[in-house]
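Take a look at the letters that make up each chain.
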Amino acid sequence: MQTMSSQLSKSDINNEFCSYGDFTLVGHGIQTNDNCGRFVSFKGCLHIELHDKTTLDGVNYQGKVYVRKVHASCDKPTCPVCYKSGWAVREADRITQRIREASKTAGVAEHIIVSIPKADYGLDYEKLRLKAVKVLSSRGIIGGVLIFHGFRYRSFDVYNNGIRNMKGWYWSPHFHCIGFILNGYAKCRNCPKFESKSVITCAGCNGFEARTRRLFEKDGYIVKVKGERITLMGTAWYQLNHSSVKRNVSRFHVATWFGICSYRKLKVTIEKRKELCPICQNELVPLRYFGNRCFVYSKDSIEYQRSEFCDMNEGQGDVWVERGEHDVGY
């Protein structure tokens, strides 16, 4: 079994596909097929009578149809075309639904990072993951989802003892976790000594920061809680976009669950994500267009818009209708 050595050389990293050993950064594989990213159809909201509202940006959408472009996706994490808008959105939605269900009894989910000491770089992935779960458990993290990151990005060249570490992606395995801390993190986040915490300043405390600092002295694992999340979906989606996948494994799971969120302990029926109109919150439906406007369909174009508000009537009657199940064309 191939291990993840801590002794890296320039030749170890395949810069074209951003890979090291068995692992590659998501989105750095080969496009699955010619359909990936191809425009398929429109979806939108025809409830123009509910769009006569002025939004916070000062625009009124009276007589406007909300329109969203639909593109084909293979939903594979390695595909450079589909990984962000297809695979990552789907996985982030699943993560959101499971974490929200667990939050009903476990409280607020936190964004946590587990940094692996170089002494453990040589462990194979499964052993590394099991050790990360053990480390999290020792610090009072009772469950959540783990997202594996094999690489970090260096924004500029760094010189260390005369050795040049070049700008770009480099091998540095770690895990991002969205999980639950026993008794929560509020005690530490609101601590007056928050900025100056250390083993000494946290002496005698039983909060998370005190535990993780004491245990770092023993196991060498740095476990940090990030700032309060803005959105759960956004946090999961962003971390998936920089995660790593094991090549030549058809069902490698980038996101894995543990503790109270494991599949054995938490049963959740995943519902299909609903796409809603940003004005009236009605669910979007398939649309057909009969007007003369030329839309930009390529995501690579600087003029591309994934969604927008369009005129229902372009001067010669309504140009948007709900698409039938067997309709052909846009």
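Residues numbered from 1 in each chain as written. Predicted model: local features only at pLDDT ≥ 70, side-chain atom pairs only at ≥ 80, totals over all residues. Heavy atoms only, no water.

Draft legend 1. Region of the structure containing the packing of helix α1 (residues 83-106) against helix α5 (residues 232-241). Look at α1 against α5: their axes get within 8 Å of each other, and the N-to-C directions meet at 135°. Here α5 runs oblique to α1, going by the angle between their axes. As for the relative orientation of α1 and α5, their crossing is right-handed in sense. Taking contact as the criterion, the partners of Tyr83, Lys84, Trp87, Ala88, Val89, Glu91, Ala92, Asp93, Ile95, Thr96, Ile99 and Arg100 in α1 are, on α5, Leu232, Met233, Ala236, Trp237, Leu240 and Asn241. (Axes fitted to C-alpha atoms, helices over the stretch in contact; angles between N-to-C directions. Helix = DSSP H or I, 4+ residues; strand = E, 2+ residues; numbered from the N terminus. Parallel < 35°, antiparallel > 145°, perpendicular 65-115°, else oblique. Left-handed = near helix turned anticlockwise from the far one by under 90°. Contact = heavy atoms within 4.5 Å.)

Draft legend 2. Examining the sheet that holds strand β7 (residues 141-154) more closely. Spatial ordering of the open sheet is given by β11-β6-β10-β7-β13, a layout of five strands whose pairing is antiparallel. Two strands lie at the open edges of the sheet, namely β11 (222-225) and β13 (255-259), each paired on one side alone. Sheet twist, expressed as the average angle between the axes of neighbouring strands with direction ignored, equals 30°. Across twelve bridges, β7 lies against strand β10 (residues 168-181) in antiparallel orientation. By the bridge assignment, arginine 152 is partnered in β10 with tyrosine 170. (Pairing = 2+ DSSP bridges.)

Draft legend 3. Expanded view of the pairing of β11. Burial along β11 is one-sided: the residues Val223 and Val225 are buried and none of Ile222 and Lys224 is. Of the strand pairs in this sheet, strand β6 (residues 110-115) and β11 are connected by four bridges, and their pairing is antiparallel. From the neighbouring strand, isoleucine 113 faces β11, where its bridge partner is lysine 224. (Buried < 20%, exposed > 50% of the residue type's maximum accessible area, 1.4 Å probe, protein only.)

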